[in-house]
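Listed here are the chains, written in short residue letters.
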Amino acid sequence: MINFINDLLTYGFLQKALVTSIAVGIISGIVGSFIVLRGMSLMGDAISHAVLPGIAISYMLGINYFYGAIIAGVLTSIGIGAISDNSRIKTDSAIGIVFSAAFALGIILISKAQSTTDLTQILFGNVLHVRTSDMRLTLGIGVIVILVVSLFYKELLLSSFDETMAQVYGLNTKLIHYGIMVLLTLVTVASLQTVGVILVVSMLITPASTAYLLTNRLSFMIVLSSFFGAISAIIGIYFSYVNDLPTGPAIALAAAIIFVLALVFSPKQGVLWPMINRRQRKGLEGETR
Amino acid sequence: MHKSLDVENLSASYGETQVLENISFSMKAGRLVGIIGPNGSGKSTLLKGILGLIPLDTGEVKFCHEPLSKVRKRVAYKPQSSEIDWDFPITVIDTVLLGTYPKLGLFKRPGKRERDLAMKCLGKVGMADFAQRQISEMSGGQRQRVFLARALAQEAECFFLDEPFVGIDASSEEIIINNLKELRDLGKTIYLVHHDLTKVTSYFDDIILINKKLYGAGPVEDIFKKEIMEEAFGSSLSVFYNWEVKS
């Protein structure tokens, strides 16, 4: 532990890695809360995979991968909506079809355009190679996400909880839906270096689900979710650095372990307390008999 | 008395099946109106059609001679209980506060005025003591009361309530109907989807009777007659209502 802190103070790359991952943990915790409550987890997985062709084309054109990823993310969500709205195909199948096709196209494009090492980096992340420009991009995305969510918190809350009421009083719920898709794409772009596209979904869904088990208020759920996201990032980086493990999977596992702890020990939603209560009640019944 | 709601030639379908066929009526303001019909007769669809929540095949809807887009903020809607995610992390008071959102507009957060209003509305439905509880902890009747409080907090002119009396206890039902009658006496108009025929004469001023087509719309005493009801319900009417005993 002391060695890790020493290295953290000495090496710039480790500081950048830590700052970026914590930022990613916080951003994905915020956006993930809405994804989980709106039942869009699968959509989150889809969008994060589907940005791949956008990134590949950006590389080919020599522009920042940020733009390509955003365009690919939005096109994917529109494509999924178009299929499920206009045919008898259900949403989950539409998601599966569109994102696997986009992902496949992305892999082919990248393997044609670049050497394979880049592909592994994009798929699994490589947080210890974060450049200053990547860190700035992540922090910039963080500012945008926090700004958007705090400005439109009311509308996000209402449309997530009761979409029909939102529609009746004239909120454009379609626009909100696609707005969330854009946020989702931003989170994916921010997470590329840290956990990679394949594991983005774990940062989106796992900390938010952990928070969902522990609170009855959306505002507090968002705070908790960001906190768990950040903690998972710190734990993941620590073990990844000390034990030479791949960083993305280490962060994803840390998030999953925290989730399991909450699932077992949560006072209201956990599985442990009801079990103990049942035992006690049985015990009491036994004594009175 | 001025017109509150004009519906002309409203038709709607789900896929290939037509659910509503050329419905036209015009209702007065300041009335408590029941939307009545057998199961699957399109009652909820009519409500959704009026509020622009589903695409219409044909039809035009006017509120006080204005299109919905002009009066949205004066309209309150309560969806069916089954359409709500009761596990959503939201407390009773925050649910009622949602009712103040339409008038707040973008970027403005609910403040003291809105909180006071929400508490007052919760008090009206006898739920003030439960303000800080989570909505999933409430019983069926309490949930309906919370959503009525939310509608009250919207301070609307027109209320559209989908099945507010389903799965609730007698005292909740009484609290809700008394609040609705009070609203009506203040000049508001309330439309509610309802399927219990035994309460029709005691609850409503007007009814809209549908079963895919319109069978009648107007004062209860004109529409709630055996011949008209039998036409709409067919032979199943006796299952819902024992006419001989009542009349």
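Structure shown above.
The structure contained in this document is the topic of the report that follows. Model, not experiment: these values are computed from the prediction.

Residue and element names in this part refer to chain B. Counting buried positions along strand β3 (residues 32–36) gives five out of five residues, so the element sits mostly inside the fold. Side chains of β3 alternate between two faces, with L32, G34 and I36 and V33 and I35 buried alike. Summarising the sheet, β3 and strand β7 (residues 189–193) pair through four bridges and their orientation is parallel. By the bridge assignment for β7, I35 is matched with V193. Note: β3 against strand β8 (residues 206–211), four bridges, orientation parallel. Considered in β8, the bridge of I36 is made with L209.

A few words now on the side chain of S225(A). Residue and element names in this part refer to chain A. By secondary structure assignment, the location of S225 is in helix α13 (residues 218–243). With a relative accessible area of 0%, S225 lands in the buried category. Within the structure, the side chain of S225 is placed 3.5 Å from the backbone nitrogen of A208, a separation counted as a polar contact. In contact with S225, other than residues within four places in its own chain, are G29, I30, S33, P207, A208 and A211.

Before going further, it helps to spend a moment on the state of the cysteines. Residue and element names in this part refer to chain B. Here the structure, examined in full by the defined rule, presents zero disulfides over all chains. Lacking any disulfide linkage, C121 is separated from the closest cysteine sulfur, that of C158, by 17 Å. C158 takes part in no disulfide bond, and the closest cysteine sulfur to it belongs to C64, at a distance of 6.1 Å. The buried category is assigned to C158, whose relative accessible area is 7%.

Here we come to the interface of chain B and chain A. Contacts between the two partners involve 35 residues from chain B, matched on the other side by 25 residues from chain A. A buried area of about 2600 Å², summed over both sides, lies between chain B and chain A, and 66% of it is on carbon and sulfur atoms. A per-residue breakdown of the area chain B buries against chain A is headed by F88(B), P89(B) and Y101(B), which together make up 26% of the total. Run the count over chain B and chain A and you get two salt bridges.

A few words now on the packing of helix α2 (residues 12–37) of chain A against helix α11 (residues 173–191) of chain A. Geometry of a packed helix pair, given as the angle between the helix axes and the separation of the axes. Residues and elements named next belong to chain A. Contact geometry of α2 with α11 gives a least axis separation of 10 Å together with a crossing angle of 150°. Classified by the interaxial angle, the pair formed by α2 and α11 is roughly antiparallel. Our pair here, α2 against α11, has a crossing hand that is left-handed. Packed against α2, whose contacting residues are V24, I27, S28, V31 and I35, the element α11 presents I180, L183, L184, V187, A190 and S191 at the interface. Residue composition of the contact of α2 with α11, by class: nine nonpolar, two polar and no charged.

A separate point is helix α7 (residues 170–185) of chain B. All names here are of chain B. In a regular helix each residue adds 1.5 Å, so 16 residues correspond to 22 Å; α7 covers 23 Å between its end C-alpha atoms and thus fits that length. Turning to α7, its buried residues are S172, E173, I176, I177, N179, L180, L183 and R184. Taken around the axis of α7, the buried residues stretch over an arc of 160°, which confines them to a single face. Exposed and oriented more than 90 degrees from the buried face of α7 are A170, E174 and D185. Looking one or two residues beyond α7, the residue adopting positive phi is G187, at roughly 95°.

Once that is clear, we can look at the sheet that holds β7(B). All names here are of chain B. If you trace the six strands from one edge of the open sheet to the other, you get β5-β6-β7-β3-β8-β9, paired in mixed fashion. This sheet does not close on itself; its edge strands, each paired only once, are β5 (75–78) and β9 (213–219). The mean angle between the axes of side-by-side strands here comes to 15°, regardless of whether they run parallel or antiparallel. Lying over the sheet, helix α10 (residues 226–233) contacts β3, β8 and β9, oriented at roughly 35° with respect to β8.

Calculation criteria
- Residues numbered from 1 in each chain as written.
- Chains lettered and ligands numbered in written order.
- Predicted model: local features only at pLDDT ≥ 70, side-chain atom pairs only at ≥ 80, totals over all residues.
- Heavy atoms only, no water.
- Buried < 20%, exposed > 50% of the residue type's maximum accessible area, 1.4 Å probe, protein only.
- Helix = DSSP H or I, 4+ residues; strand = E, 2+ residues; numbered from the N terminus.
- Pairing = 2+ DSSP bridges.
- Polar contact = N/O pair within 3.5 Å; in protein donor to acceptor, adjacent residues only side chain to side chain.
- Contact = heavy atoms within 4.5 Å.
- Disulfide = S-S within 2.5 Å.
- Buried area = accessible area lost by both parts, 1.4 Å probe.
- Salt bridge = Lys/Arg side-chain N within 4 Å of Asp/Glu carboxyl O.
- Axes fitted to C-alpha atoms, helices over the stretch in contact; angles between N-to-C directions.
- Parallel < 35°, antiparallel > 145°, perpendicular 65-115°, else oblique.
- Left-handed = near helix turned anticlockwise from the far one by under 90°.
- Nonpolar A, V, L, I, M, F, W, Y, C, P; charged D, E, K, R; others polar.
- Expected span 1.5 Å × (residues − 1).
- Arc of directions from axis to C-beta.

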